[in-house]
There are 4 protein chains.
Amino acid sequence: MQLGMIGLGRMGANMARRLMAGGHQVVAFDRSADAVAEVARHGATGAASASDLAARLSVPRAVWLMVPAGVVDAALADLSPHLAAGDVVVDGGNTRYTDDGPRARALAARGIEYVDVGTSGGVWGLERGYCLMIGGTPSAVRRLEPIFEALAPGPEAAPRQRSGPVTPAERGFLHCGPHGAGHFVKMVHNAIEYGLMAAYAEGFNLLKHGEPFDEPADLGAIAELWRRGSVIGSWLLDLTARALERHPSLDAFEGHVADSGEGRWAVHAALEAAVPTPVMAAALFARFTSRGEDDFANRLLSALRYEFGGHREPGA
Amino acid sequence: MQLGMIGLGRMGANMARRLMAGGHQVVAFDRSADAVAEVARHGATGAASASDLAARLSVPRAVWLMVPAGVVDAALADLSPHLAAGDVVVDGGNTRYTDDGPRARALAARGIEYVDVGTSGGVWGLERGYCLMIGGTPSAVRRLEPIFEALAPGPEAAPRQRSGPVTPAERGFLHCGPHGAGHFVKMVHNAIEYGLMAAYAEGFNLLKHGEPFDEPADLGAIAELWRRGSVIGSWLLDLTARALERHPSLDAFEGHVADSGEGRWAVHAALEAAVPTPVMAAALFARFTSRGEDDFANRLLSALRYEFGGHREPGA
Amino acid sequence: MQLGMIGLGRMGANMARRLMAGGHQVVAFDRSADAVAEVARHGATGAASASDLAARLSVPRAVWLMVPAGVVDAALADLSPHLAAGDVVVDGGNTRYTDDGPRARALAARGIEYVDVGTSGGVWGLERGYCLMIGGTPSAVRRLEPIFEALAPGPEAAPRQRSGPVTPAERGFLHCGPHGAGHFVKMVHNAIEYGLMAAYAEGFNLLKHGEPFDEPADLGAIAELWRRGSVIGSWLLDLTARALERHPSLDAFEGHVADSGEGRWAVHAALEAAVPTPVMAAALFARFTSRGEDDFANRLLSALRYEFGGHREPGA
Amino acid sequence: MQLGMIGLGRMGANMARRLMAGGHQVVAFDRSADAVAEVARHGATGAASASDLAARLSVPRAVWLMVPAGVVDAALADLSPHLAAGDVVVDGGNTRYTDDGPRARALAARGIEYVDVGTSGGVWGLERGYCLMIGGTPSAVRRLEPIFEALAPGPEAAPRQRSGPVTPAERGFLHCGPHGAGHFVKMVHNAIEYGLMAAYAEGFNLLKHGEPFDEPADLGAIAELWRRGSVIGSWLLDLTARALERHPSLDAFEGHVADSGEGRWAVHAALEAAVPTPVMAAALFARFTSRGEDDFANRLLSALRYEFGGHREPGA
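Residues numbered from 1 in each chain as written. Chains lettered and ligands numbered in written order. Predicted model: local features only at pLDDT ≥ 70, side-chain atom pairs only at ≥ 80, totals over all residues. Heavy atoms only, no water.

A. Structural view of the relation of the copies chain D and chain C. Least-squares fitting of chain D to chain C yields an RMSD of 0.0 Å, with the superposition described by an axial translation of 0.0 Å and a rotation of 180 degrees. Overall, the copies show the geometry of a two-fold rotation axis. Of the C-alpha atoms belonging to chain D, the one lying closest to the rotation axis is found on S234(D), 1.9 Å away. Here 100% of the contact residues of chain D are again contact residues in chain C; the copies associate through an equivalent surface. (Least-squares fit on C-alpha atoms with pLDDT ≥ 70 in both. Contact = heavy atoms within 4.5 Å.)

Here it is in structure tokens:
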């Protein structure tokens, strides 16, 4: 089918290419003309603006926004005047789930459907496919199924564990619930990701600094080893093995680790529901700390140690 | 080659069977005659005692202990009088790495080699193979290579990410360093495992109790979905999907979660090396807490709330 | 001066009594006629309703609300129609700081001042005085100064550490900033309190279960000991010593520890500002866990241990 | 009575002075002749060596070691040849409790008593008195009671909360149990201290960076405010108020926070006893992190973010 794609960054451009490889037709727009030209080289129809994109799509339109969470409202303001009843808009970015309901209601007032899709896969999605967590009305979700099918990895991406007909989840996309449910599940997904990453990072840090033997541990070989047969095999471990093979000392990285919002929102949702999430919170705080956000607290600790014990620490 | 196997529990019996399937000859002993009979049915030579096992092995002998960490010393006391210079003993269980050096030195005084092997794979190892983390002298490790090769999953167990000749790590076994290094790496592996498990457990708890939508989330479908294309795909997630499909409410489990020592030892090693491991520690404490070990602390909190605020909590 | 007091629970009734002991005149209302009668017995003028209270106060009025955070809006709706330009309303409860700005603006539109006061002191405040964290306009705060002075503990409540004229902070009340600043500082105060309480609770739990000696530690004596000369002396430790002397085993308490909102809001504010607060979060999660909120997570851990290791835990 | 004091650092010198102020006679030795001269100026008898100190004491001798944990064995090796049956040695430093039993047994073989005393009070102890946590035999502890009495703060250091005769705990010293019990209780004390300090540090960091108002919070005034009437009043808060008044920005401190062993030993003891101590562990890890010990872990996180998402963080 035909899809408009707005936002041709790393994610959007690759998704457009995967859709076209799956036989779909893509009309593409981005503020960067170069990004449009690049995806046009792969077969997409380039659009010069959101209104141009809307004009080039046959009705009822389907448009996928793949832009940063902070500019979704601006992108919708740009696009929606050119949409009509019966059209459907997808927000495939990392939007906070609480923003989806209001947007859906505003569009529904004009007969336009809104679907939120949490999209996982990163730069590998072009090749591996994207894992899609979907919220919206059943009819809108059903209508977009060919798109989801083409973007998703498909059932063969993991060994089958169930019997009976193959479910959508096994193909890599799932209608998780009403507006916001897709982004909610994606938010939890990312918070789990933070926890998993932190567990590996602590482990390799412990191997590096805690091993009591003369020879330093070969961290890249250990990561490679654990990929096979161990309980902790995972895709993140695959990537860890790649990273440690190429950069054994990781000197190319400074380790000021960003967080993109979902981790904070997830812990916030946990606070509201009284769900204990010590691992998620620890992983998130470690990222804050990696950026020096503990600085004032540490200086107060040094000051207190000086006050009660006369301890002079560096700088005191 | 020929191997003596002492300890035929879930792990040892399956390892014996995988070795025999790989063309090796196994002489097997366990305190349970039934366990010996069972593995003999699969082709092993049964032994009636450790001394009988030693007598049935051609010299130089290779004996693999697959017994709980707490009885390794007893098993060695039982076996070693019947060993001779040139023999090699493997401890494949979950021994603390600090115990390996002393044992190795005691055996080395009699010309016997000691090899520590951290073994991951659980009840699935028979089929998937075992991930082997190995410590000891190069000569002893080299001599056991056919055994490791047969137990390990082999390179095809994960997509290859390196070029050049296939390394042992890619086949699923790795000589990690001197005596103790195998168990050290296995200890860190298990602590990572605790962290990964806790991250998933928190995430599904948050999906269950934190989702703000009317329809409850289908946790089994979400786990299945994430297996394909997402950043958090892993073997533990595969198992999570299996568990949630069979037991959607998990009512079959009470949730008093055991810990088998490695998590504690890993955090202890981190303390000694000043390595921050907040995720590992949080995962470990969550297990303690699941067993009610926070009870007195919580009662003190209630008592304090009563003292300063007059708050009466249930039971006060 | 004269003050209307609405809400005569543990906190409000004691505050009214302390104000009267300080020479102020109190007009008091509560939904419970008994509570009104009780405080009238101590010299207050009882009111039959919010409108009656407003009628009994000379203009410009000053009214202090001491009600649960969840009913402040209702109390304001009840009261404010009977207020006039020039009056001032204090919210002395545990309101979320983000609610103060909107309320202040709504009242300001009618010329009514709003002051938020975080109040610490618990059931001991009648005797010890209340620590007051204040937000609002300078003029409104200045006008209420006699009230704050009477409620606060006064400078002699702690050894003086500064020279120069005694500051309001040293008398026990502080104008912290604009609307919301009082409740913000109180929120942080309570989150610190959670952390302090958890530190003591962990310590006494460790003394109880971790001491490797034959004789059990005398926890009450240890708490008493630490009150003098140690680095960890505090008012919470004073209360701990009291509680442990009366209830050495703490059997009177079940340990399902409530949290009253500020801890969650504080961690949420930390998330928004990227401030790492691992201790506050751990203390909060421990309270959630004390109420069984980790149950589903723990059951998933047991289920996973069964899946990969065949471990059968109680109930499995 | 007469006491030998070995180790005249900040703690030992002040303790000697407090003892002399209490009417006791002190014979003092330190490797630094200047330190000996200084305490001699306050009335002590200086000794030129451990053997000289032993010679100057009347038998049965009482000698107090106030040296770093790492040199206690050396100090004992230096001193003990000059001791005789009936003498008593006190280790008043921050020794690990597991070291006390072996030392006590070695000395007991020669008829010499060993007493372990955890000493809290820091540089303020000269004036405030020291809180003493004591392990050893009842007879040895009883014999040293005049010394403990003089060092301890005395009952008036805190408001009395009990009736009946004043107990030793209320005077500021307590016989906690057999050899090691004093240092065990001190170890837990210090781990609580870490947790308390971290709770305040997080709170003030949150006030500094999380307050959503235009005017920055006056942290020194807030600390001063909380000293009176609030639930979180404590000696550490007194010191916080002092530090923030003198150094509002804390720029004099770099915040590389040391830890002196007890925190690690306490968490280790908690691991061994399966006692959850998330706050203590978080406080300890924050200190490790303040010293950059999370560096490699953070760089791995950055590397992973680059691998899966193409995210380039500073330095990548």
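Okay, back to it.
B. Quick peek at the interface of chain D and chain C. Listed as interface residues are 82 residues of chain D and, on the opposing side, 82 residues of chain C. Between chain D and chain C, a total of about 7000 Å² is buried, with carbon and sulfur atoms accounting for 69% of that surface. It is Q161(D), R228(D) and V231(D) that lose the most area in chain D upon contact with chain C, and together they represent 12% of the buried surface on that side. Where chain D packs against chain C, one counts 4 salt bridges. (Buried area = accessible area lost by both parts, 1.4 Å probe. Salt bridge = Lys/Arg side-chain N within 4 Å of Asp/Glu carboxyl O.)

C. Representation of the packing of aromatic side chains within the structure. All chains considered together, the criterion is met by 32 aromatic pairs over all chains. Ring centres of F148(C) and F173(C) lie 6.0 Å apart, and the angle between their planes is 35 degrees; this geometry places the pair in the tilted category. Of the two residues, F148(C) is situated in helix α8 (residues 145–151) and F173(C) in strand β8 (residues 173–177); the sequence distance between them amounts to 25 residues. Taking relative accessible area as the criterion, F148(C) reaches 0% and is therefore assigned buried. What makes F173(C) buried here is its relative accessible area of 4%. Seen in terms of ring centroids, F184(C) and F213(D) are 6.0 Å apart; in terms of plane orientation they differ by 85 degrees. Their pairing is edge-to-face. One end of the pair, F184(C), is in helix α10 (residues 181–210); the other, F213(D), is in the loop between α10 (181–210) and α11 (219–226), on a second chain. The class for F184(C) is buried, based on a relative accessible area of 0%. Assessed through its relative accessible area of 17%, F213(D) is described here as buried. Taken together, the ring pairs connect W64(A), F148(A) and F173(A) into an aromatic cluster. (Phe/Tyr/Trp six-rings, centres within 6.5 Å; stacked < 30°, edge-to-face > 60°. Helix = DSSP H or I, 4+ residues; strand = E, 2+ residues; numbered from the N terminus. Buried < 20%, exposed > 50% of the residue type's maximum accessible area, 1.4 Å probe, protein only.)

D. Main features of the relation of the copies chain B and chain A. Of the transformation superimposing chain B on chain A, the axial component is 0.0 Å and the angular component is 180 degrees, with the fit at an RMSD of 0.0 Å. When the interface residues of chain B are mapped onto chain A, 100% of them again fall at the interface, so both copies present the same face.

E. Helix α12 (residues 235–246) of chain A, seen in detail. Residue and element names in this part refer to chain A. Its 12 residues give α12 an end-to-end C-alpha distance of 17 Å, which sits within 8% of 16 Å, the value for a rise of 1.5 Å per residue. For α12, the full list of buried residues reads W235, L236, L237, D238, L239, T240, A241, R242, A243 and L244. Two or three places before L236, at the opening of α12, S234 has a side-chain oxygen 3.4 Å from that residue's backbone nitrogen. (Expected span 1.5 Å × (residues − 1). Polar contact = N/O pair within 3.5 Å; in protein donor to acceptor, adjacent residues only side chain to side chain.)

F. View of the interface of chain B and chain A. Contact with chain B, which involves 82 residues of that partner, is made by 82 residues of chain A. Carbon and sulfur atoms make up 69% of the area that chain B and chain A hide from each other, which totals about 7000 Å². At the boundary of chain B with chain A, the tally comes to 4 salt bridges. R162(A) serves as the salt-bridge partner of E245(B), at 4.0 Å between the closest nitrogen and oxygen. Applying the counting criterion to the chain B and chain A interface returns 26 residue pairs in polar contact (both at pLDDT 80 or more). Elements supplying a minimum of two residues to the side of chain B that touches chain A: β7 (131–135), α9 (168–171), β8 (173–177), α10 (181–210), α11 (219–226), α12 (235–246), α13 (262–273) and α14 (278–290) of chain B. Top contributing element to the side of chain B that touches chain A by residue count: α10(B), with 19 residues. Split into classes, the residues belonging to the side of chain B that touches chain A amount to 47 nonpolar, 21 polar and 14 charged. (Nonpolar A, V, L, I, M, F, W, Y, C, P; charged D, E, K, R; others polar.)

G. Region of the structure containing the sheet that holds strand β5 (residues 88–91) of chain C. All names here are of chain C. Spatial strand order, β3-β2-β1-β4-β5-β6-β7-β8: 8 strands in an open sheet with mixed pairing. Only two strands of the sheet have a single neighbouring strand rather than two, namely β3 (45–46) and β8. On the sheet, helix α4 (residues 72–79) packs against β1 (2–6), β4 (62–65) and β5 and is oriented at approximately 155 degrees with respect to β4. Strand contacts of helix α5 (residues 100–108): β5 and β6 (113–120), with the helix running at about 145 degrees to β6, the strand carrying the most contacts. (Pairing = 2+ DSSP bridges. Axes fitted to C-alpha atoms, helices over the stretch in contact; angles between N-to-C directions.)

H. Spotlight on the packing of helix α15 (residues 295–309) of chain A against α10(D). At a closest axis distance of 8 Å, the pairing of α15(A) and α10(D) adopts a crossing angle of 135 degrees. Taken together, the axes of α15(A) and α10(D) lie oblique to each other. Read as a crossing pair, α15(A) and α10(D) show a hand that is right-handed. Every residue of α10(D) that contacts α15(A) at F296(A), A297(A), L300(A), L301(A), L304(A), R305(A) and F308(A) is listed here: E193(D), M197(D), A198(D), Y200(D), A201(D), E202(D), F204(D), N205(D), K208(D) and H209(D). Class assignment for the residues of the contact of α15(A) with α10(D) results in 11 nonpolar, 2 polar and 4 charged. (Parallel < 35°, antiparallel > 145°, perpendicular 65-115°, else oblique. Left-handed = near helix turned anticlockwise from the far one by under 90°.)

I. Local environment of the sheet that holds strand β8 (residues 173–177) of chain D. The 8 strands lie next to each other as β3-β2-β1-β4-β5-β6-β7-β8 (chain D), forming an open sheet whose pairing is mixed. The sheet terminates laterally at β3 (45–46) and β8 of chain D, the two strands that pair on one side only. As defined by bridge partners, strand β6 (residues 113–120) of chain D adjoins strand β7 (residues 131–135) of chain D across 5 bridges and the pair is classed as antiparallel. Opposite T119(D), over in β7(D), you have L132(D) as the bridge partner. Running at roughly 145 degrees to β7(D), helix α11 (residues 219–226) of chain C makes contact with β7 and β8 of chain D of the sheet. Packing of helix α5 (residues 100–108) of chain D onto the sheet brings it into contact with β5 (88–91) and β6 of chain D, and relative to β6(D) it is tilted by some 145 degrees.

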